[in-house]
Each structure stands twice: as structure tokens, then as C-alpha cells.
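# Residue-level structure breakdown
One-letter residues, chain by chain:
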Amino acid sequence: MYRILCDRPSHELGAGLTWLKKDGQIVEFSTMEEAGAKVKELSENITVTKVKYTAKEYDSGGDE
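Throughout what follows, the structure given in this document is the object of discussion. Fair warning: this is a prediction, and the values are worked out from it, not measured in the lab. (Residues numbered from 1 in each chain as written. Predicted model: local features only at pLDDT ≥ 70, side-chain atom pairs only at ≥ 80, totals over all residues. Heavy atoms only, no water.)

With that settled, consider the environment of Arg8. Secondary-structure assignment places Arg8 in strand S1 (residues 2–8). Counting along the chain gives 44 residues from Arg8 to Lys52, while the straight-line C-alpha distance between them is 6.7 Å. (Helix = DSSP H or I, 4+ residues; strand = E, 2+ residues; numbered from the N terminus.)

Here it is, written out as C-alpha cells:
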């Protein structure tokens, strides 16, 4: 399972790391290629400055 980590180094709401979410749910991908394609899409269409997107493997062994 793969997820996209969003790194917001500075923002009026504060710095932070979070998983990419849609409709309040963490977005997951079956392959690194799918996650990487979404990272590319997000990075090319970035509307929030200074956010870095990174695809990461995630062990969904029951933890969130």
C-alpha cells in the first residue's frame, strides 16, 4: 500500500506532515507508480506554496 505524504514546512496554520486526504479519508494507492503519478500531478498543479509531496510505502497493519 502506498500513500502520499504532504510536507508543509511553514504556513499560517503551522508546519506539519500529513497524509493526502480526500473527503476526510486518507488516499491510498496499490502501486508506487500510481502514487508517483499523483505526486507528479499535484506538484505540477500546485496551488499551495511550499508544499512538498512524497510517495511513501505504508504498512497498513491496522495502524493509522
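Below, the discussion takes up the pattern of salt bridges. Under the counting rule described, the total for this entry stands at 2 salt bridges. Taking the shortest distance from any N to any O, the salt bridge between Glu28 and Arg3 comes out at 2.7 Å. Residue Glu28 is found in strand S5 (residues 28–29), and its partner Arg3 is found in strand S1; the two are separated by 25 residues along the sequence. For Lys38, the salt bridge is made with Glu41, and the minimal N-O distance between the two is 3.4 Å. On the criterion of helical spacing, the pair formed by Lys38 and Glu41 is a turn pair, its members being 3 residues apart in helix H1 (residues 32–44). Residue class for Glu41 comes out partly exposed when judged on its relative accessible area of 39%. (Salt bridge = Lys/Arg side-chain N within 4 Å of Asp/Glu carboxyl O. Buried < 20%, exposed > 50% of the residue type's maximum accessible area, 1.4 Å probe, protein only.)

A separate point is unusual backbone geometry. When glycine is set aside, most residues are seen to have a negative phi, and most peptide bonds are trans. Unlike most non-glycine residues, Asp23 shows phi in positive territory, near 55°. Note on placement: Asp23 falls in the loop between strand S3 (21–22) and strand S4 (25–26). The exposure class assigned to Asp23 is exposed, which follows from its relative accessible area of 74%.

With that settled, consider the environment of Lys21. With respect to the helices and strands, the residue Lys21 is situated in strand S3. Along the sequence, Lys21 and Arg3 sit 18 residues apart, while their C-alpha atoms lie 9.5 Å from each other. When neighbours within four sequence positions are excluded, Lys21 is seen to be in contact with Ile26 and Val27. (Contact = heavy atoms within 4.5 Å.)

Purely spatial values, then, with no claim about function.
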